[in-house]
Amino acid sequence: MQTVRKDIHNSEMPVLCQSCEARHQGICGALSGDELVALAKSTRRVHKDAGEELMADAMPIDSYASVLRGVIKLSKVLEDGRQQVVGLQFAPDLLGRPFAAESRVTAEAASDVDLCVIPKPALEALLSRSAPLEHRVMMQALRELDEARDWMVTLGRKTAAEKVASFLYLIATHMDPCDEALETSFDLPLSRADIGDFLGLTVETVSRQISRLKSDGVIGIVNFRQVSIPDLARLRLRCG
């Protein structure tokens, strides 16, 4: 008979939580077994296909979600319909701003995503009485702020070649939070147009820089979207 090892990560824990790798670094990693059991009574896992809208700008927030797998595109839409990609989220990020009445961005599944959806009252009640959870959420928010500042440097000071390399490195190192391999492969979660929007480049420039990285052997591309990176350190050197 197979038994589950009882330790700090799975003792007195719901079965679904035991098999969730995202929880270790996500908000659930700050909860005790009893708190996870209580929270699990309100949560549900959902799958969203690429292209589905997860949250609309300026709409009321009634739930949050812990990202378990995949990539989420955050964007702002101007009154005339123009769109600006303002960020990406990966596992184990928290989708939604705690204690906010409405969303400040539009969130869309850039790839197929799996989410653990948490009702707004349940998470905010737990935040109000759990200092470790409050600390974890604050640290995640500060990390996102640091990453946004780093990305401002990318947009403001890097060359087109460095921007595209930085984008590919971002995806490669965030797509799977448990993967620490020196080489990796993934499907591009954004179209060339969205990549250009995110980087402030034209579609032609994005395609040209990706082709240059391929011809230099830094990346490989199959079927236009599947990217393989044989040496992450070499790609990082191209980021500037």
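Source: prediction; values computed, not measured.

Draft legend 1. Inspection of the state of the cysteines at higher detail. Under the definition given, this model contains 0 disulfides. For Cys-116, which is in no disulfide, the shortest distance to another cysteine sulfur is to Cys-28 and amounts to 5.9 Å.

Draft legend 2. Highlighting the domain arrangement of the protein chain. Domain parsing of the protein chain yields domain 1 (15-144) and domain 2 (158-237). Of note, the centres of domain 1 and domain 2, computed from C-alpha atoms alone, are 25 Å apart. Here domain 1 and domain 2 share an interface that buries about 1100 Å² over both sides, 65% of which is from carbon and sulfur atoms. Considering only the surface of domain 1 that becomes buried against domain 2, Val-85, Leu-88 and Phe-90 emerge as the three largest contributors, covering 40% of it. The tally of links from domain 1 across to domain 2 stands at 1 salt bridge. Inspection of the region where domain 1 meets domain 2 yields 3 residue pairs in polar contact (both at pLDDT 80 or more). Looking at which element gives the most residues to the side of domain 1 that touches domain 2, the answer is strand 5 (residues 83-90), with 7 residues. For the side of domain 1 that touches domain 2, the class distribution of residues is 8 nonpolar, 5 polar and 2 charged.

Draft legend 3. Local environment of the packing of aromatic side chains. For the structure on display, the rule yields 2 aromatic pairs. Taking 5.0 Å as the distance between ring centres and 15 degrees as the angle between the ring planes, the aromatic pair formed by Trp-151 and Phe-198 counts as stacked. Here Phe-198 lies in helix 6 (residues 192-199) and Trp-151 lies in helix 4 (residues 131-157), a separation of 47 residues in the sequence. Trp-151 sits in the buried class, given a relative accessible area of 15%. Classification of Phe-198 as buried rests on a relative accessible area of 5%. Measuring from centroid to centroid gives 6.2 Å for Phe-167 and Phe-198, while their planes differ by 75 degrees, and the two rings are edge-to-face.

Draft legend 4. Representation of the pattern of salt bridges in the model. For the structure on display, the rule yields 10 salt bridges. The salt bridge partner of Asp-93 is Arg-143, with a shortest N-O separation of 2.7 Å. In this pair, Asp-93 sits in the loop between strand 5 and strand 6 (94-95) while Arg-143 sits in helix 4, placing the two residues 50 residues apart along the sequence. A salt bridge links Glu-147 to Arg-143; its shortest N-O distance comes to 3.2 Å. With Glu-147 and Arg-143 both in helix 4 and 4 residues apart, this pair spans about one turn of that helix. With relative accessibility at 32%, the residue Glu-147 sits in the partly exposed group.

Draft legend 5. Structural view of the packing of helix 5 (residues 160-174) against helix 6. In the contact formed by helix 5 and helix 6, the axes pass within 11 Å of each other and the chain directions differ by 110 degrees. Between helix 5 and helix 6, the crossing angle belongs to the class labelled roughly perpendicular. Every residue of helix 6 that contacts helix 5 at Lys-163, Val-164, Phe-167 and Leu-170 is listed here: Ile-195, Phe-198 and Leu-199. The class makeup of the residues in the contact of helix 5 with helix 6 is 6 nonpolar, no polar and 1 charged.

Draft legend 6. Here's a closer look at the environment of Leu-126. Relative to the assigned elements, Leu-126 resides in helix 3 (residues 120-129). Remark: the alpha-carbon pair of Leu-126 and Leu-115, spanning 11 residues in sequence, is separated by 19 Å. Ignoring sequence-local partners within four residues, the contact set of Leu-126 consists of Leu-31, Glu-35, Leu-39 and Leu-133.

Draft legend 7. How the structure looks around the side chain of Ser-103. Turning to its location among the elements, Ser-103 is positioned in the loop between strand 6 and strand 7 (106-109). According to the relative accessible area criterion, Ser-103 is buried, its value standing at 3%. A distance of 2.5 Å separates a polar side-chain atom of Ser-103 from the backbone oxygen of Val-105. Apart from residues no more than four positions distant in its own chain, Ser-103 is found in contact with Met-55, Ala-56, Asp-57, Ala-58, Met-59 and Ile-61.

Draft legend 8. Spotlight on the sheet that holds strand 6. Within the open sheet, the 4 strands sit side by side as 1-8-3-6. Their pairing is antiparallel. Among the strands making up the open sheet, the edge pair consists of strand 1 (44-48) and strand 6. Sheet topology places strand 3 (residues 63-69) next to strand 6; 2 bridges connect them, and they run antiparallel. Across the sheet, Ala-65 pairs through a bridge with Leu-95, a residue of strand 6.

Conventions we followed
- Residues numbered from 1 in each chain as written.
- Predicted model: local features only at pLDDT ≥ 70, side-chain atom pairs only at ≥ 80, totals over all residues.
- Heavy atoms only, no water.
- Disulfide = S-S within 2.5 Å.
- Domains from an automatic or database assignment.
- Buried area = accessible area lost by both parts, 1.4 Å probe.
- Salt bridge = Lys/Arg side-chain N within 4 Å of Asp/Glu carboxyl O.
- Polar contact = N/O pair within 3.5 Å; in protein donor to acceptor, adjacent residues only side chain to side chain.
- Helix = DSSP H or I, 4+ residues; strand = E, 2+ residues; numbered from the N terminus.
- Nonpolar A, V, L, I, M, F, W, Y, C, P; charged D, E, K, R; others polar.
- Phe/Tyr/Trp six-rings, centres within 6.5 Å; stacked < 30°, edge-to-face > 60°.
- Buried < 20%, exposed > 50% of the residue type's maximum accessible area, 1.4 Å probe, protein only.
- Axes fitted to C-alpha atoms, helices over the stretch in contact; angles between N-to-C directions.
- Parallel < 35°, antiparallel > 145°, perpendicular 65-115°, else oblique.
- Contact = heavy atoms within 4.5 Å.
- Pairing = 2+ DSSP bridges.

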